Structure formats: structure tokens, C-alpha cells
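# A closer look at the structure
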There are 2 protein chains.
Amino acid sequence: MNAPTAAAHLLPAIHLRDVPPALIDALQSRFGTQCSTAQAVREQHGRDEGSLQAPPPSAVVFAESTQDVADAVKLASQYDVPVIAYGAGSSLEGHLLAVQGGISIDVSRMNRVLSVNAEDLTVTVQPGITRKQLNDAIKDTGLFFPIDPGADASIGGMSATRASGTNAVRYGTMRENVLALQVVTASGEVIHTGTRAKKSSAGYDLTRLLVGSEGTLGIMTEITVRLYPLPEAVSAAICSFPSIEAAVHTVIQTIQLGVPIARVELIDHHTVRMVNAHSKLTLREEPMLLMEFHGSPAGVKEQAETVQDIASEFGGQAFEWASTPEERTRLWTARHNAYFAAVQSRPGCRAISTDTCVPISRLADCLLESVDEVEASGIPYFLVGHVGDGNFHFGYLIDPDNADERTRAEQLNHQLVARALSMGGTCTGEHGVGIHKMGFLLDETGAGAVNMMRAIKRALDPKNILNPGKIFAM
Amino acid sequence: MNAPTAAAHLLPAIHLRDVPPALIDALQSRFGTQCSTAQAVREQHGRDEGSLQAPPPSAVVFAESTQDVADAVKLASQYDVPVIAYGAGSSLEGHLLAVQGGISIDVSRMNRVLSVNAEDLTVTVQPGITRKQLNDAIKDTGLFFPIDPGADASIGGMSATRASGTNAVRYGTMRENVLALQVVTASGEVIHTGTRAKKSSAGYDLTRLLVGSEGTLGIMTEITVRLYPLPEAVSAAICSFPSIEAAVHTVIQTIQLGVPIARVELIDHHTVRMVNAHSKLTLREEPMLLMEFHGSPAGVKEQAETVQDIASEFGGQAFEWASTPEERTRLWTARHNAYFAAVQSRPGCRAISTDTCVPISRLADCLLESVDEVEASGIPYFLVGHVGDGNFHFGYLIDPDNADERTRAEQLNHQLVARALSMGGTCTGEHGVGIHKMGFLLDETGAGAVNMMRAIKRALDPKNILNPGKIFAM
């Protein structure tokens, strides 16, 4: 596969629009100390966890209420100036970069739980609350919010990127778990979408349109999400396999049998080695599945036995159980630290992370061909995956000062995405498009669908001020 | 509660647009015998199962391919003439009425299964296949498609109205189960949305925007939906309760405990009486829950025991089990025949069906207040509900020639919707808005959200030819 356009993905298209001093004056007059133009604050708000760069926004408004967001958007609209909502800053594909200039609206102070409806298994929150803060706030209800991207992201950011994580195989993604929204539109109007009813056929599904729209159609100011009863029993296990293929086939068969597994993560032998070094563990340095089962005690036992039988067929061994919370925490901490373990394995490196998702029948093919490719490249890497959903991430560990390595890593990503698309998959399972995957989105869905997205954007944001330059070029 | 505008919901706003003879000529030239202008054919395509009426469309095109649909839309667009997609004709809220004139595009001949991907638990079909045809076609795969509105609706119609049914409490609605679409747009272009990957963060969720858009944003020509492994064990049971309240509290507690019940239907004592008479059964004439459990044999047993314990607390008795397919069929046939049993109970009557859905904590309040209201009205009625989701239907059995009864029934519906909305619910759980609920949608979501829908409609269908006059007034 050739990837002649890989280099084009490296640099965002920057076309700075004018931010008149009169707007900054108006913001400072309206927001006082809630508005900052300090260089350090602006720079912090002009980047994300990805590797793309752009000049920072001209000012940052620290919104404390829906009215603050609406007023900031109205002022920006008056001057045709872009606004970019900022939650925890943990996005990965350049979502937060002010590629057309403008102002950042930081919603991290809007981090309250507005109402817990435990009987209905719903909670309404402000967008700046993080997933850990949310789970901490509801810990006495016997309920939990399952969606867990690697970072302690904000619920607003997770909604805006349609995020998921390790629990999605059982509990779905933000697509399935956001019920209702309060949103500030491009004109600064406050609207509501959805209700707390579990289902509805009432008109266009604006909630689902806004979830995943990356701040380009509106800024979420209240979010109602589903909660789940804490399972009566939880059991976690690891199992090593002779090959990635064997591990993946265990997963495929588990899913096809309808086993309601709660988590099933693949970690390749490189990653196990890095995790062992980082966390002082002695895990077998072989491809490994890390699994979790939720349910009644009998149900969990039955699920686990079924999966153990399947794993044995494929040569799985060294099943290790972790039924106490402490043991589980140890295992999942190792999984969550995989990224840091990998980055530490090559001092000074930066990880370029891929994020494809394929129909599960093609998962083994997609992974194995991609492993061959990256092994041949000589670039160090790690591989982790939410494989129950067919979603996985390679991390290419590159020297950030080595332009050749960066180009080769981008090329590997390009080839991986092309492969996933050719297998009926998607260019992004959970990170979003941002700037980095705009070309891939077009490859995936075709010009017709992207033109439909563009028409919607133009209709809802005629001045193109809501996080412009993301998802698709206008 | 007053309902001064109830009468306004009775009649659709009819503003017939010109259908030039040149368009009919062009359609007949392109489609030959696939295009009919026969009065009987037009009339059959100008109504649905609801009670609203309008003049029929000027012609019916029997599409046999995506190209047929695209060509018919292109011709209609050329003459600014409305097009209304027609599947099985089983919608309930006036969705199919040609209130602005135009032509009907019947897709019932497009009823093939295009590809079964059993390993991925997906299937791609044409829009005209009905849910029973689909399940019949895949019956050798060990998989099934769970969504089951009362009628044997087409998958296209079910997608267009975001339908659900008795299994939604466990398997979700069309919102959760449509993965990808091929769609003919207002200009006759063929676009694709989504992929077969289980999750994606790739741009705007056009699939979810189109699902539930009632043919107003595009005409679906291919639909990829999720399938599920047939459960290893299935068990069904009925249980009678001393009151609706007791039955509903059993459901609420079951859901709150996270029991993965597959179906839980409420049937009130009127309906039991009607079903007994219709199906020659001897069910206790008390409020009843009809339940089904899916899983492993041990899992099903455990779920059933849990629910039986909860039911006992609320005075549930006469638990009757049905573990054989024949017994289950008998029970579910009785449930599915409830509508016909009810209509037969008052010869010559017509049922006006409501369709609200509320957060489950408010279900008992909403049901009981509504029961009091309809009892006081003296209008015969039945009550069935997909109560695990908080969704239920009253059927008011009116004399269609009695304008007063019709007005009172509409008023009851109006009051019921107002009550559901005041409790955080929705005006339609699964039937859609059509013509009948346009005012309710505005009450539910507010002018801001409806204006956003309108802006999207205008952007994607600037000539307003796709099923115009539905969901909202333009």
C-alpha cells in the first residue's frame, strides 16, 4: 500500500481569522477575572494530548454557567470569531487547536452534578465534570457510570467525541449513554434535546447528532447520561496466549456466543514487557487478554467458565483470577498504565496512537497484517485493544525530533486506516476526527456523506464559528 | 388539565402542491408497469393504520432497486413534487398521508437480504423486507433480529420511525440497532452512512439522524442492522397482581436491580378480559405482567427467581411458567392479539392509540392518573405497555362516526401527553410524530430544538419534497 498523502496529515491547515480587540474588551468587561489573555493560559488551551500544533487562542473564558457560555458565544458571534469549548484537554486528534484563531471557552468550572435520579438510573451533570469525579459523586447510590476512556476526560468532551473505553463491549459508548442535552447554539441560544425517557421517537435525534460533533454544532452545557447498578459480583482474569491470533479468536468466539463479557482487552507481548518493567510485575511476556465479568455470583462464574473453555481451545493458559477489588485494581492499573509504561520504555519518545475499529470477523486479519507492517518498519510500538468491539490502538513510539520517524509512523497509521476501511471498519473507534483524521473520514464515508455533514454545519452555524476547521474542511 | 387544542390535532393541514402531468408521463415512461395511477392503488398508498385522512398521492412507483428510487426522486425533484416512501403501510400517526400531494415510492418489492455476516452479528437488507421475513431468512444462522413492533412492519419503516416493541428493554430500539445505511437524498444522490464496525467516532452520526426522520431527510435503500445469538434458554411467565400499581412497582424494582429481563409487558384487567374472550383463555382478569427471560439455563432460572421474589413482595400471584416454545407462543400470541381482541370487544369501533414513555420512577403515577381519567370519561379502553422501558399504550375504543367520542379520546390523549411531558417523558416512545404529534413535539422539546430540526430539513431538502408536512410545519 502506498500512502503518498501521509505527510499531508501532519500539519493542520491554519488560516487565522481576525480577533478584534473590541471583542477582547467586551469579554473582559463581561467576564472580569473569568477571562484571561495570559500567554501560559492561552497556550495551555491551544493544544491537546495529540501531536499537532497551532497558535493559541486569543483569550480564554472560564465559564461558570450556561449563561456564561451563551454570552461568550453571542459576543464571539457578533464579531464572527471562532469559539472552542475546552473540558479536560485530553483529546488526541487536534480537536482543541485554534486553527482559525478565536477564543477558548473553558467549562472545567462547570463540574457539578445537577441531579441524580437513582430510581431511573440517570444523572444530569455539567459538562466539565470528569468521569472519575462523576463516579466519586455517585458512589453512595449503588450506581456507576461505565464509560472510561484512558484519560480522566470530562463528560462534555467525552460526549463531543463519542468516547468509549474498556467497558463499551457491554455498556455501549457515549452514543448509547447520553439521553438528553442542554446546548448553546452558534447564535448563543439555549436549546434542549431529548428527555429522561429511555426511548423516544420524537423527531430528529438531535442528541445523537450533537454527540460526536466535536463542538462544531453547539456547546453542551448540561448532559444527562445513563447509570448502571453496580454489579453484585465482579471477577477479573488474565490469560496468556501463544499468539495474537489465538487471543483474538478467543474473543471473536466469546462475542459470537453472546457472552455478556464486561471488558476484554488485548495487550501484546511488547506491551506486557513494558508493563512488567514499569509496574514491577512478572506477567508472562506473551499476548494476553485481560477480562472482566459482571453479574450475579453464579452468572459471573458461568461466563468465566465459558470463556475459559474457549480460551483453552485456542491454547490459552495461565488463567489468573482476581476476585478481590485489590487484585482487580492491580490488573486494571497495569492496563491503564500501559501507555505510560510504553512511553517510558523509550526515554524522550512520543507515542502516536492509532484508533481503528473493524467488524470482529476481520479483527485477526487486520491486527496481524498491521503487526507485520510495524515489525518490518523497525519503529518500536505497543498494541492494546478493546477487542470485544473490534477496536484497537497501536502506539508508535517515535523520537519527536526525528522527522523521518514521524513520517514513517504517520504512514503506518495511514496504511492501517486504509486496511481497516477495506475490511468494512472505521477510521476512528473512539477518539474522533479532529484535524488529524479529516482525510480518513472522507475515505471512509465518501463525499456524499461528508457533503451532508457540511450542509448541516452550514445550516446550524452559518458564520462557521463553532470549532471551525475540524472534522471536514468547509 | 384543559386541552383546548385537542381538536386541532384531528385534521392534517392539507395544502396540495401541483403534480404536473409531465411528471406522471415521465414516471410512466421511465417505470412502465412499475408506475400506477389506478385509484385503488393510490388510495391504498395514501393512508396508514392511523385514523387521519388526506387525498391520495397522484401516482405510485413500485421501486425494485436503489436506482429506481434515485430516478423517481430525481424526476420528482425536477418538478418540485413531494415523494413519500411506503413500506408495509403500518405506521400510525399519519406518516404516509400525501398532505401536500405528490407521489408514493413503494419499496415493498425491495425486500431482499443482501448479506448476512453471521460472524459479526450483522445483516444488510433492502428496506421493504418485513421483520418476520428477515427472521425467517436468517433462521438457520442461530441468530435473530429482536425488534418487534406490533405490526409486521418493514425494516425501512421501522428505521424511519425509530420503532421498538416488546424486546427493547433488553435489546434496544432501532436507534441502537441500525449500524449503517444507504440513502437516496433529496437530489436523488446515493450516499452511505456508518460502517459495520460496532462503534465509531467518525464525524456526525448521520445514521442516527436519519433513523427516526420519517422519510423527511432521505429514503433508505439499504439498511445494516445488528443481530443477536438466539438465547440458549428462554422462559416466559405470567403473573397477576392486585393492582396496576403493584405490577408497575415489580417492574421498577426489576429494572433498578439490573435484571436483564428480555420482555416485560403490562396488560390491564380490561385487556385480559378482552383477550380471554377473543382467544378463549381463562387468564385471571386482573392486571398482569407477561415476562420473558433469555440467557443460559442457569441464568434464566436465576433471573426468573429474582423477579418472582420481587413480585411476591408486591402481592403478585399465580405465576405461570411457559418454557416450551408452544406455551410461549400461546402467551405471546395472546399479547400480540390484544389489539384485535380489544377492537372486537366493541363491534364497529376504532382504536385511538396513545404512545407516551416516561422515566420509570414516574411510571406508576403516570399510569394511575391516566387510568382515573379514562375511567371517568366512560370511553371503553385497553392498556398495554412495554413497561420495562416506561412506554405504554392506551387504546381508546371509539365509535368512528361519533365526533364527540373522537374529540374526547383526542382530549384524553392530549392530557396524557401533557402529563408524560410534565414527568420528564416523551410524547412518543415508538410510533413517531407523523402529522398527529407535531404539536406535542413542540411542547416536548421547545421551539429552539424544533427550529434546529427545521434548519436541518431546509439544508438537506431545500425544495421540501421529502415527505413534507410531517414532524413539524415548515
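Attention here is on the structure that accompanies the text. Everything quoted here is computed from the prediction, not taken from an experiment. (Residues numbered from 1 in each chain as written. Chains lettered and ligands numbered in written order. Predicted model: local features only at pLDDT ≥ 70, side-chain atom pairs only at ≥ 80, totals over all residues.)

### Some words on the overall build of chain A
When you go through chain A residue by residue, the secondary structure sums to 16 helices and 19 strands. In terms of C-alpha radius of gyration, chain A reaches 22 Å, essentially the compact-globule figure of 23 Å for 474 residues. Along the first, second and third principal axes, the C-alpha set of chain A runs to 70 × 55 × 45 Å. By the burial criterion, 61% of the 474 residues in chain A qualify as buried. Restricting to contacts in chain A with at least 6 residues of sequence separation, those with at least 24 account for 73%. (Helix = DSSP H or I, 4+ residues; strand = E, 2+ residues; numbered from the N terminus. Rg over C-alpha atoms; globule rule 2.2 N^0.38 Å. Buried ≥ 20, exposed ≤ 12 C-beta atoms within 10 Å, placed from the backbone. Contact = placed C-beta atoms within 7 Å.)

### Comments concerning the interface of chain A and chain B
On the side of chain B, 73 residues touch chain A, which itself brings 74 residues to the contact. A per-element tally of the side of chain A that touches chain B places helix H16 (residues 438-460) of chain A first, with 13 residues. Here the side of chain A that touches chain B is built from residues that sort into 28 nonpolar, 30 polar and 16 charged. (Nonpolar A, V, L, I, M, F, W, Y, C, P; charged D, E, K, R; others polar.)

### Some words on the environment of Ala342 of chain B
Residues and elements named next belong to chain B. Tracing the backbone shows Ala342 in helix H13 (residues 338-345). Overall, Ala342 belongs to the buried group, with 26 C-beta atoms counted inside 10 Å. Sequence separation between Ala342 and His294 is 48 residues; the distance between their C-alpha atoms is 29 Å. When residues no more than four places from it in sequence are discounted, the contact partners of Ala342 are Thr271, Met274, Ala351, Phe382, Gly395 and Leu397.

### Things to note about the packing of helix H1 (residues 21-31) of chain B against helix H3 (residues 66-78) of chain B
All names here are of chain B. One can describe the packing of H1 onto H3 by two numbers: an axis separation of 10 Å at closest approach and a directional angle of 160°. Classified by the angle their axes make, H1 and H3 are roughly antiparallel. Every pair of crossing elements has a handedness; the one defined by H1 and H3 is right-handed. The segment H1 lies against H3, with Leu23, Ala26, Leu27 and Arg30 engaging Asp71, Ala72, Leu75 and Ala76. (Axes fitted to C-alpha atoms, helices over the stretch in contact; angles between N-to-C directions. Parallel < 35°, antiparallel > 145°, perpendicular 65-115°, else oblique. Left-handed = near helix turned anticlockwise from the far one by under 90°.)

### Concerning the relation of the copies chain A and chain B
The transform that puts chain A on chain B rotates by 180° and translates by 0.0 Å along the axis, for an RMSD of 0.0 Å. Seen this way, the second copy is the image of the first under a two-fold rotation axis. Residue by residue, 99% of the interface of chain A is reproduced at the interface of chain B, so both copies engage with the same surface. (Least-squares fit on C-alpha atoms with pLDDT ≥ 70 in both.)

### Some details on the environment of Gln308 of chain A
Looking at where Gln308 of chain A falls in the secondary structure, it is placed in helix H11 (residues 297-313). Separated by 54 residues in sequence, Gln308 of chain A and Thr254 of chain A place their C-alpha atoms 9.8 Å apart.

### Points about the sheet that holds strand S1 (residues 35-36) of chain A
Working definition: the strands of a sheet are paired by backbone hydrogen bonds and lie parallel or antiparallel to each other. Residues and elements named next belong to chain A. Pairing within the open sheet is mixed, and its 4 strands lie in the order S1-S2-S4-S3. On the outer flanks of this sheet lie S1 and strand S3 (83-86), each paired with one strand and no other. Bridge count for strand S2 (residues 59-62) against strand S4 (residues 103-106) is 4 bridges, and the pairing is parallel. Paired with Phe62 across the two strands is Asp106, which belongs to S4. Each of S1, S2 and S4 touches helix H1 (residues 21-31); the most contacted strand, S2, lies at about 25° to it. (Pairing = 2+ DSSP bridges.)

### Looking at the sheet that holds strand S8 (residues 178-184) of chain B
All names here are of chain B. The strand order across the open sheet built from 5 strands is S5-S6-S10-S8-S9, with neighbouring strands paired in antiparallel fashion. Each edge of the open sheet carries a strand with a single partner, namely strand S5 (113-117) and strand S9 (190-194). Pairwise comparison of adjacent strand axes, ignoring direction, gives a mean angle of 10° for this sheet. Contacts from H3 reach S8, S9 and strand S10 (219-226) within the one sheet, and its direction differs from that of S8 by about 50°.

### Regarding the environment of Gln126 of chain A
Residue and element names in this part refer to chain A. With respect to the secondary-structure elements, Gln126 resides in the loop between strand S6 (122-125) and helix H4 (131-137). Accessibility expressed as a C-beta count within 10 Å gives 25 for Gln126, which makes it buried. Along the backbone, Gln126 and Asn276 are 150 residues apart, and their C-alpha atoms lie at a distance of 38 Å. When sequence neighbours within four positions are dropped, the list of residues in contact with Gln126 reads Met110, Asn111, Arg112, Leu114 and Glu222.

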